[in-house]
Amino acid sequence: MEKAGSITARKRLLSGNEAIALGAWEAGVRYAAAYPGTPSTEILPALSQYAGVRAEWSSNEKVALDSVVGASFAGGRALAVMKHVGVNVASDSLMSLSYTGVGAGLVLVSADDPGAFSSQNEQDNRHYARFGKFPCLEPSDSQEAKDYTAFAFNLSEQFDTPVVIRSTTRVSHSKSPVEVSVPDEPREWEPLAPFERKPKKYVMIPAHARLRHPEIEERMEALADYAETCPLNRVVWGDKRVGVISDGMAYQYAREVFEGFSFLKIGMVHPLPKQLIRAFAAEVETLVVVEELDPFIEEQLRAMGLNVIGKDVFPRTGELTLSRVREGAIIAGLPVEGKVERPEESAEEFSIPGRPPALCPGCPHRSVFFNLRKLKLLVSGDIGCYAIGVLPPFEEMDMLISMGASIGMAHGAKQAGCPDDIVATIGDSTFFHTGLPELANTIYNQGNVCTMILDNRTTAMTGGQDHPGTGVTLQGASGHQVDIEAVVRAMGVQDLWVVDAMDVDGVEQAIREAVSVDDRPSVVYVKGECVFVPTFQRRPVVVVDRDTCNGCGFCFRVGCPAILKAEATDERSGRPKAKIDPLLCTGCTVCLQVCPRDAIYQSEGQEA
Amino acid sequence: MLKTTNFLFVGVGGQGILTASDITASVGLAAGYEAKKSEVHGFSQRGGVVESHVRWGENVGASTAEKGTVHFLIALEMLESARWVEWLRPEGVLLINRQRIAPMTVTVGDAEYPPVEVILEAVRARTEDVTLIEGLAIAEELGNTRMTNTVVLGALSTRLDVAPETWLEVIERRVPPKYVELNRNAFWKGRQAAS
């Protein structure tokens, strides 16, 4: 990423996420909060580079939104950022925030993940705007991502409403040219005016909420009128045989596939500009809706009595692509170029081995999943790199649904009478996110779940963000580290094992003992730094002794990308011996510890 | 120049694919095109397949190309050239870095890594225009395997109508100052190797 700074107006390639950060900064955002989650993660680090903004990692998305609500009520423009499923966590506050409205402008970025590249589902968060009754803007490239974000703050204040920017993986993680003009002088940080008390607006007791609700309905009506002339919705006339209505990244596919035809590009997807749509529909022969995931626009058009081609030909699951849009158009008999690609007879005379993600060399989760597999325990998993535990060679995870759920699912399974020994695995960042109340619950209800807290000192999956346990802020300032061990003890867990992740036998012993506790909750706290944490210490690489190795393959089962098959084979068994890639090895010694023949040794001095 | 030029960079997490595609997109912008690029982060990056699209043109819509329409497929890893070859348009340009990274499926014995000749034969069914680049070997000679992607960019640059100086300007902006000279060398070595 290029550094932001004093730059005069020129075109730069920015990702959608960098552009959202820039737009927020241009709009004078004062406070921003987020919990990292693909594809939203890069927005806050980009924003934190600009002067005059306080940007923070929150412990979860609800905390992020709550903090942003407070900032807005206090009179500062504020931005909350999260991935689509993070909005579920924040939705309790979001629904009532719609009732209170805002103080200063408040924008929520929801980065959806059609295609579920890095998510547990591909929910369509445009529905939240309809459900919660607030506007939703959808940029289709980085220029729009910047412009719409800045626009959203004004819209928020004009209509006294939260505004959602809905991005998607392909908008957030694509780069396209953006007109950038950042003033040279740094923005001064000035205190806000004293808080303006408005309890009937900001205190949602039932009596106030009942009064606010009609106002929210009126706000939606005003927004619906406004949508008709909103500059983010625009008509581009072309050949009127086909009129395409489209939003977000889908518009970019549509404008290539339906080149030369007429378009109504929807920038504000809720509320829809219904008069504008009717007028557009009346001018074209065939009306087509191209949108990703659910038929959000299409169903409203059908309710208006309009005939449209939509999800009957375009898929409602997975990410759209140029090919998928073209194929749908051809199936519908629309006059577009191209042909439906028939799946070709595979030219290869060999099968291409899959390349599933793997735990990195030196990963502290390796010893945990190696042992869980060995002990054949039922594993209730959570969101993080350790979800790789479900893949070969471990194949040792039995349930995973959402952040923090590992402990609750394990608890419920046991309470309902599941006879298997069950272990919940949860990471440090996830523990602070939603693990805390789940653990408190199983303690309170006298459950007998064994919870393994895998503390790798970072939010690893999303690229290594700090959290309350590391005490380092987004700006890099060190502060108090919330001590997981002390927290767990303070909650009342007496059966607690603290183990070094790199001690394979120690981890096994701790799991065995913790699982044998069958009348109360136990915790195994596994400590070992992620290889991406700056303080991670590489140790001398390990080496396979060719003569001693008999190709038993035991070390292959730790699933380390640094352990390879050598060309040499064992004379008796004919099986390939192991070798270790010294460029990848971090010297963690997990393979050395599991080798039954002591054929792996640590080299001296040769730092990995 | 064609209406839109499509590039697809493929390989394995950690090979510098995102940097290479970033540079290529910026070169397009510097050469006066509208340029877009797309990539995927997150779960798949942990030793998995990484892909990144770049498109240059006058008016580019999508940031990803259609299967079968890629003009330049740049594979930083040999097996990945075969996995993605159908994205290449027939007789498109295929650049392959001679480097093999065994997937976990191969290491644990569930699959075989095909021999180089088999991979090359398979990709040649799609295009005759296949160039094998000793990117890793050249980078090793230069003393830093992380230069592999820059060597490959040097090779790619010989196939495009953009001055090498434009590439170097972008590369210099993109890499840390102490690696500028090494990257320049890697780029020129890549150009030599491909011409």
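Small disclaimer: the values here were computed from a predicted structure and weren't measured.

Caption draft 1: Quick look at the overall build of chain B. Secondary structure summary: chain B contains eight helices and six strands in total. In sequence order, chain B lays out its α and β elements as β-α-β-β-β-α-β-α-α-β-α-α-α-α. Over its C-alpha atoms chain B spans a radius of gyration of 16 Å, differing by no more than 12% from the 16 Å that the globule rule assigns to 195 residues. Principal axes of the C-alpha set define a box for chain B whose edges measure 50 × 35 × 35 Å. Relative to all contacts within chain B whose residues are 6 or more apart in sequence, the contacts with residues 24 or more apart total 65%.

Caption draft 2: Inspection of the overall build of chain A at higher detail. In terms of regular secondary structure, chain A is built from 19 helices and 22 strands. Since a compact globule built from 608 residues should have a radius of gyration of about 25 Å, the 27 Å found for chain A is in line with a globular shape. Across its three principal axes, chain A shows a C-alpha extent of roughly 80 × 65 × 55 Å. Look at the contacts in chain A between residues 6 or more apart in sequence, and 73% of them connect residues 24 or more apart.

Caption draft 3: Local environment of the interface of chain B and chain A. Residue-level contacts link 47 residues of chain B with 46 residues of chain A. Mapped by element, the contributors of at least two residues to the side of chain B that touches chain A are α1 (17–30), β2 (34–39), α2 (78–84), α3 (104–107) and α4 (116–124) of chain B. Per element, the largest residue contribution to the side of chain B that touches chain A is six residues, and it comes from β2 of chain B. Here the side of chain B that touches chain A is built from residues that sort into 21 nonpolar, 15 polar and eleven charged.

Caption draft 4: Region of the structure containing the domain arrangement of chain A. What the domain assignment lists for chain A is domain 1 (7–227), domain 2 (234–331), domain 3 (366–527) and domain 4 (540–607). A straight line from the C-alpha centre of domain 2 of chain A to that of domain 3 of chain A covers 46 Å.

Caption draft 5: Examining the confidence of the model for chain A more closely. Mean pLDDT over chain A works out to 94, with 96% of the residues at or above the 70 mark. Contacts from residues 1–8 of chain A, a stretch scored under 50 in pLDDT, to residues over four places away or in other chains number nine contacts.

Caption draft 6: View of the sheet that holds strand β15 (residues 422–427) of chain A. Residues and elements named next belong to chain A. Ordered in space as β14-β15-β16-β18-β17, the five strands form an open sheet in which the pairing is parallel. The open sheet has two edge strands with one neighbour each: β14 (378–380) and β17 (495–500). When strand polarity is set aside, the average angle formed by the axes of neighbouring strands in this sheet is 25 degrees. Taken together, the three bridges between β14 and β15 define a ladder with parallel strand orientation. Across the sheet, L378 pairs through a bridge with I422, a residue of β15. Against the sheet, helix α17 (residues 484–491) engages β16 (450–455), β17 and β18 (522–527), with an angle of about 175 degrees to β18. Docked against the sheet, helix α18 (residues 504–516) engages β15, β16, β17 and β18, running at close to 170 degrees with respect to β17.

Caption draft 7: How the structure looks around the nonpolar core. In terms of nonpolar packing, the biggest core is built from 236 residues, with A32, A34, L47 and V68 of chain A together with L73 of chain B touching the most fellow members. If near-sequence neighbours (up to four positions away) are discounted, L47 of chain A is found in contact with A21, A24, W25, A32, V53 and A55 of chain A.

Caption draft 8: Broad picture of the environment of T69 of chain B. Residue and element names in this part refer to chain B. Counting through the fold element by element, T69 comes out in the loop between β3 (49–57) and β4 (70–75). Sequence separation between T69 and T5 is 64 residues, and the spatial gap between their C-alpha atoms is 9.0 Å. When sequence neighbours within four positions are dropped, the list of residues in contact with T69 reads N6 and R89.

Caption draft 9: Highlighting the packing of helix α10 (residues 248–257) of chain A against helix α13 (residues 322–331) of chain A. Residue and element names in this part refer to chain A. Contact geometry for α10 and α13: axes closest at 9 Å, N-to-C directions at 55 degrees. Our classification of the angle between α10 and α13 gives oblique. Both α10 and α13 take part in a crossing whose hand is right-handed. Seen from α10, the contacting residues are Y253, A254, E256 and V257; seen from α13, they are L322, V325, R326 and A329. By residue class, the composition of the contact of α10 with α13 is six nonpolar, no polar and two charged.

Caption draft 10: The environment of S40 of chain A, seen in detail. Residues and elements named next belong to chain A. In this fold, S40 is placed in the loop between β2 (31–34) and α2 (43–47). Once the C-alpha coordinates of S40 and V109 are considered, the two residues, 69 residues apart in sequence, prove to be 8.1 Å apart. Those residues in contact with S40, other than ones at most four positions away along the chain, are A34, V81, M82, K83, V109, A111 and S172.

Caption draft 11: Up close: the sheet that holds strand β5 (residues 106–112) of chain A. All names here are of chain A. Taken together, the seven strands give an open sheet; going across it, the order is β3-β2-β4-β5-β7-β6-β12, and neighbouring strands pair in mixed fashion. Two strands bound the open sheet, and with one partner strand each, they are β3 (54–57) and β12 (268–270). As judged from the four bridges shared by β2 and strand β4 (residues 78–83), these two strands associate in the parallel manner. Paired with A34 across the strands is V81, a residue of β4. Contacting β2, β4 and β5, helix α3 (residues 61–73) crosses the sheet at an angle of about 165 degrees to β4.

Caption draft 12: Summary view of the environment of V542 of chain A. Residue and element names in this part refer to chain A. Counting through the fold element by element, V542 comes out in strand β19 (residues 540–544). For V542, a count of 25 C-beta atoms within 10 Å puts it in the buried group. In this structure the C-alpha to C-alpha distance between V542 and G328, which are 214 residues apart in sequence, comes to 54 Å.

Caption draft 13: Looking closely at the pairing of strand β1 (residues 4–12) of chain B. Residues and elements named next belong to chain B. Counting buried residues along β1, eight of its nine residues qualify, which places the element largely inside the surrounding structure. For β1 and β3, the ladder comprises nine bridges, and the chain directions are antiparallel. By the bridge assignment for β3, L8 is matched with H53. Here β1 pairs with β4 via four bridges, running parallel. Along β4, the bridge assignment pairs V10 with A75.

Caption draft 14: Representation of helix α15 (residues 405–415) of chain A. Residues and elements named next belong to chain A. Judged by how many residues are buried, α15 sits mostly within the fold: nine of eleven residues are covered. Turning to α15, its buried residues are A405, S406, I407, G408, M409, A410, H411, A413 and K414. Buried residues along α15 sit in contact with β14, β15, α16 (428–444) and β16. Following α15 by one or two positions, G417 has its phi on the positive side, about 105 degrees.

Caption draft 15: Molecular detail of unusual backbone geometry. The omega torsion across T38 of chain A and P39 of chain A is 10 degrees, close enough to zero to call that bond cis. By the element assignment, P39 of chain A lies in the loop between β2 and α2. Going from P392 of chain A to P393 of chain A, the amide bond is cis rather than trans, its omega being 5 degrees. In this model, A116 of chain A sits at a positive phi of 45 degrees, which is unusual for a non-glycine residue. With phi around 65 degrees, E91 of chain B is a residue other than glycine that occupies positive phi space. One can find E91 of chain B in strand β5 (residues 88–97). Classification of E91 of chain B by C-beta neighbours within 10 Å gives exposed; the count is 11.

The rules behind the values
Residues numbered from 1 in each chain as written. Chains lettered and ligands numbered in written order. Predicted model: local features only at pLDDT ≥ 70, side-chain atom pairs only at ≥ 80, totals over all residues. Helix = DSSP H or I, 4+ residues; strand = E, 2+ residues; numbered from the N terminus. Rg over C-alpha atoms; globule rule 2.2 N^0.38 Å. Contact = placed C-beta atoms within 7 Å. Nonpolar A, V, L, I, M, F, W, Y, C, P; charged D, E, K, R; others polar. Domains from an automatic or database assignment. pLDDT = per-residue confidence, 0-100. Pairing = 2+ DSSP bridges. Axes fitted to C-alpha atoms, helices over the stretch in contact; angles between N-to-C directions. Core = buried A, V, L, I, M, F, W, Y, C linked by C-beta atoms within 7 Å. Buried ≥ 20, exposed ≤ 12 C-beta atoms within 10 Å, placed from the backbone. Parallel < 35°, antiparallel > 145°, perpendicular 65-115°, else oblique. Left-handed = near helix turned anticlockwise from the far one by under 90°.

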